[in-house]
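# Summary of structural features
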Amino acid sequence: MPEPIYLDHAATTPVREEVLEAMLPFFGPRFGNPSSLHRWGREARAAVDEARERVASTIGARPDELCFTSCGTEADNMAVLGVWRSRRDTGRNAAVSTPIEHKAVLGALHEVAHEGGDERLLGMQASGLVDDASFDALVNDAAAVCSVMWVNNEIGVMQDVPSLARRARERGVVFHTDAVQAFGKVTIDAATTPFDLLSISGHKIGAPKGIGALYIRRGTPMSPLLFGGSQDRGRRPGTENVAMAVGLARAAELTVAEQADECRRLGALRDRLEAALLERIPDAVIHGRGAPRAPHVTNISVPGTDSEALLMALDLRGVACSAGSACQSGSITPSHVLSALGVPADLAGAAIRMSLGSLTTDACITRVAELFPALVEKARRLATA
Ligand code: PLP
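The following refers to the structure shown.

Definitions and limits used
Residues numbered from 1 in each chain as written. Predicted model: local features only at pLDDT ≥ 70, side-chain atom pairs only at ≥ 80, totals over all residues. Heavy atoms only, no water. Helix = DSSP H or I, 4+ residues; strand = E, 2+ residues; numbered from the N terminus. Rg over C-alpha atoms; globule rule 2.2 N^0.38 Å. Areas by Shrake-Rupley, 256 points an atom, 1.4 Å probe, with all protein chains shown as cover. Near = heavy atom within 4 Å. Polar contact = N/O pair within 3.5 Å; in protein donor to acceptor, adjacent residues only side chain to side chain. Core = buried A, V, L, I, M, F, W, Y, C linked by side-chain atoms within 4.5 Å. Buried < 20%, exposed > 50% of the residue type's maximum accessible area, 1.4 Å probe, protein only. Contact = heavy atoms within 4.5 Å. Pairing = 2+ DSSP bridges. Axes fitted to C-alpha atoms, helices over the stretch in contact; angles between N-to-C directions. Parallel < 35°, antiparallel > 145°, perpendicular 65-115°, else oblique. Left-handed = near helix turned anticlockwise from the far one by under 90°. Phe/Tyr/Trp six-rings, centres within 6.5 Å; stacked < 30°, edge-to-face > 60°. Lys NZ or Arg CZ within 6 Å of the ring centre and 35° of its normal. 1 Å grid on protein atoms, 1.4 Å probe; cavity = no way out; pocket = protein on both sides within 12 Å on 5 of 7 lines; lining within 4 Å. Points joined across faces, edges and corners; volume = space filled by probe spheres on them. Salt bridge = Lys/Arg side-chain N within 4 Å of Asp/Glu carboxyl O.

### Observations regarding the overall build of the protein chain
For the protein chain, the count of helices and strands is 11 helices and 12 strands. A globule of 385 residues ought to have a C-alpha radius of gyration of about 21 Å, and the protein chain, at 21 Å, matches this closely. Expressed along its principal axes, the backbone C-alpha trace of the protein chain runs to roughly 70 × 50 × 35 Å. For the protein chain, the computed accessible surface area is about 15900 Å², with 55% contributed by carbon and sulfur atoms.

### Comments concerning unusual backbone geometry
A positive phi angle, near 50°, is found at Asp232, a position not held by glycine. Looking at the element boundaries, Asp232 is found in the loop between strand 8 (212-216) and helix 7 (242-280). Even without glycine at this site, Arg233 takes up a positive phi of about 50°. Tracing the backbone shows Arg233 in the loop between strand 8 and helix 7.

### Remarks on the site of the ligand
Taken together, 13 residues lie around the ligand, and Gly72, Thr73, Asp178, Ser201 and Lys204 are the ones closest in. Thr73 is positioned such that a nitrogen or oxygen atom in its side chain is 2.6 Å from an oxygen atom of the ligand. In the environment of the ligand, an oxygen atom lies 2.7 Å from a nitrogen or oxygen atom belonging to the side chain of Ser201. When isolated, the ligand has an accessible area of 390 Å², and the protein chains bury 89% of it. Of the residues forming the shell around the ligand, the biggest block, 3 residues, is contributed by helix 3 (residues 72-87).

### Considering the nonpolar core
Ranked by size, the top nonpolar core spans 68 residues in total, and within it Phe68, Trp150, Phe175, Ile188, Phe195 and Leu198 carry the most contacts. Examining the composition of this core, we find that 9 residues originate from one element, helix 7, more than from any other. With 28 residues, the next largest nonpolar core counts Leu7, Ala284, Ile300 and Phe372 among its residues.

### Here's the deal with the environment of Gly219
Along the chain, Gly219 falls in the loop between strand 8 and helix 7. It is 9.1 Å that separates the C-alpha atoms of Gly219 and Asp196, two residues lying 23 residues apart in sequence.

### Some words on the environment of Ala350
Along the chain, Ala350 turns up in the loop between helix 10 (345-348) and strand 12 (351-355). As a C-alpha pair, Ala350 and Val302 span 48 residues in sequence and 6.2 Å in three-dimensional space. Setting aside residues up to four positions removed in sequence, Ala350 forms contacts with Ile300, Ser301, Val302, Thr305, Asp306 and Ser307.

### Thoughts on the sheet that holds strand 3 (residues 94-97)
The strands that make up a sheet pair up through hydrogen bonds in the backbone, lying either parallel or antiparallel. Taking strand neighbours across the sheet as the criterion, the 7 strands line up as 2-8-7-6-5-3-4 in an open arrangement whose pairing is mixed. The open sheet has two edge strands with one neighbour each: strand 2 (66-69) and strand 4 (118-121). Looking at each pair of strands side by side, their axes are set apart by 20° on average, direction ignored. Contacting strand 2 and strand 7 (197-201), helix 2 (residues 39-58) runs over the sheet at an angle of about 110° to strand 2.

### Focus on the packing of helix 3 against helix 4 (residues 103-114)
Running from amino to carboxyl end, helix 3 crosses helix 4 at an angle of 30°, the nearest separation of the two axes being 8 Å. One element, helix 3, and the other, helix 4, form an angle in the roughly parallel class. Our pair here, helix 3 against helix 4, has a crossing hand that is right-handed. Contacts from Thr73, Asp76, Asn77, Val80, Leu81, Trp84 and Arg85 of helix 3 reach helix 4 at Ala104, Val105, Ala108, Leu109, Glu111 and Val112.

### Quick word on the packing of aromatic side chains
Taken as a whole, this structure holds 3 aromatic pairs when the rule is applied. Considering the side-chain rings of Trp150 and Phe195, the 6.2 Å spacing of their centres and the 65° angle between planes classify their relative orientation as edge-to-face. Of this pair, Trp150 sits in the loop between strand 5 (143-147) and helix 6 (161-170) while Phe195 sits in the loop between strand 6 (174-178) and strand 7, and the two are 45 residues apart along the sequence. A relative accessible area of 5% means that Trp150 is categorised as buried. On the basis of relative accessible area, Phe195 is assigned to the buried category, the value being 0%. Here Phe195 and Tyr215 contribute two aromatic rings whose centre-to-centre distance is 5.5 Å and whose plane-to-plane angle is 85°, an arrangement assigned as edge-to-face. Taken together, the residues Phe195 in the loop between strand 6 and strand 7 and Tyr215 in strand 8 connect sequence positions 20 residues apart. Considered together, Phe195 and Tyr215 belong to a single accessibility category, that of buried residues. Aromatic ring contacts, followed pair by pair, group Trp150, Phe195 and Tyr215 into a single cluster. Cation over ring: Arg217 sits above Phe195, and NZ or CZ is 5.9 Å from the ring centre.

### Let's talk about the side chain of Arg167
Tracing the backbone through its elements, the reader meets Arg167 in helix 6. If we skip the residues at most four places from it in the chain, Arg167 touches Asp132, Phe135 and Asp136.

### Points about the layout of surface pockets
For the largest pocket, the calculated volume is near 360 Å³. Around the largest pocket sit 22 residues that line it, and Lys185, Lys204, Ile205, Glu262 and Ser358 are the ones nearest its centre.

### Concerning the pattern of salt bridges
Taken as a whole and assessed by the stated rule, the structure comprises 31 salt bridges. As a salt-bridge pair, Arg45 and Asp49 come within 3.7 Å of each other at their nearest N and O atoms. Placement of both Arg45 and Asp49 in helix 2 is noted, with a separation of 4 residues, approximately one turn of the helix. Owing to a relative accessible area of 25%, Arg45 belongs among the partly exposed residues under this scheme.

Put into C-alpha cells, the structure is as follows:
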C-alpha cells in the first residue's frame, strides 16, 4: 500500500521537531516552578516570560496582553464568559456570536443563557459570511461581547474581522475572534486591527495539544474562570505549563515566518485539487467557495453519497479526512455549520472536509484527485444498485 495521506490538518498537526527540541529541557533539568524564588524558579520564570513575549510579538501585542491557556477551547470560553460576567450588571446582558462557531464558543454562549444572559446568534449569508443587517441589529448597546471566528474550521470561510471589530467597538461591544484556524493563514496585528480578544491553539500550528493563548487587549473587562494563586496576575491561576509555553512560542514564530510561502503553496494545491474534483464530478458542491477562504480547507459534498461511507472508503485506501470538525466525527448528525448556511440535509450529510498542511505534497493531491472520483463513482453505483 502506498504511504498514507493525512488531509486532516484542521483537526490537528504533527509537533514540529524544532518545537519538541525547544521543549525538551523543561521536561528534564529545567523543571522549576516559575513561582519559586530560587534559581530553578527564576530560570522557569524567565522561560515563561520570554515565551509570552515571543508569542505576543507574532500578533503585534504586548506581553502583558497574552494569557496562556490549556487549549483553544479554554481561550474561547474565557473570552466569552469572562467578558460577559464582568459586564452583565452594566445593562449589557447579551452575548452575540454566529451559528457557525466552534462548539468552544457556542458552548460558552449557552452557558451565558444558562446564567440568565441573552444569547444572540447572527444571521448568515449562504456564502458563509456574517449578514451585515443582522450584525447591525444585534451588536447594540445591550450587548456585552461579540465573538466571530476569523476562519471557519469546517469550510475555511474567512470573515472580515477588521470591519466587524471596528463596528463592534463603535457600539461599545467587546469583540473577540477565534483565530485558532486563522493563525498562520491571515496576518494578525493587534496594533492595527481593533479586536479586543483573540484565541489561538498550539496543536493547529505544530505545537502539542494542551496549550493555547488568549490575547486580552489592555483595559478589557475580564472575570477569571479559575480561582487560586496569583499567576498571570490572577487572570489565569495555576502553575504555568512552562514547556508548552516555550513550545507554543517556537511554533508561533516558525508559522508566522513561513506564512506567506506556505499560504501560496497550500492555496495552489487546494485550487488544483478542487479543479480536478470538479472536472471529474461536475455536480459536486464546494462549500463556502463564494466567500474569501483560508487556503488550507476544502469541504466538498457529492450528491448521492454519504460522508461516513466515503470517509471509511478513503481511510481503507490510506487517506485521512474528516466529515466536519473532529469533535463531531463518530456522530452522524449533519454539521451545524452547513445546516446554519442552509445546505440541505442530504448534501450536508455527504460533506467531506480535506485540510492541507505541512504533510501535504503535490503527490498527495495527485493521488487524492484520482482516488476520490473513483470512490464516488463506486458509492453512487452501490446506492442505485
Ligand atoms: N476553535 C476552532 C476554530 C477550532 O478549530 C478548534 C479545534 O478544533 C478550537 C477552537 C478548539 O481548540 P482546542 O482543540 O485547542 O481546544
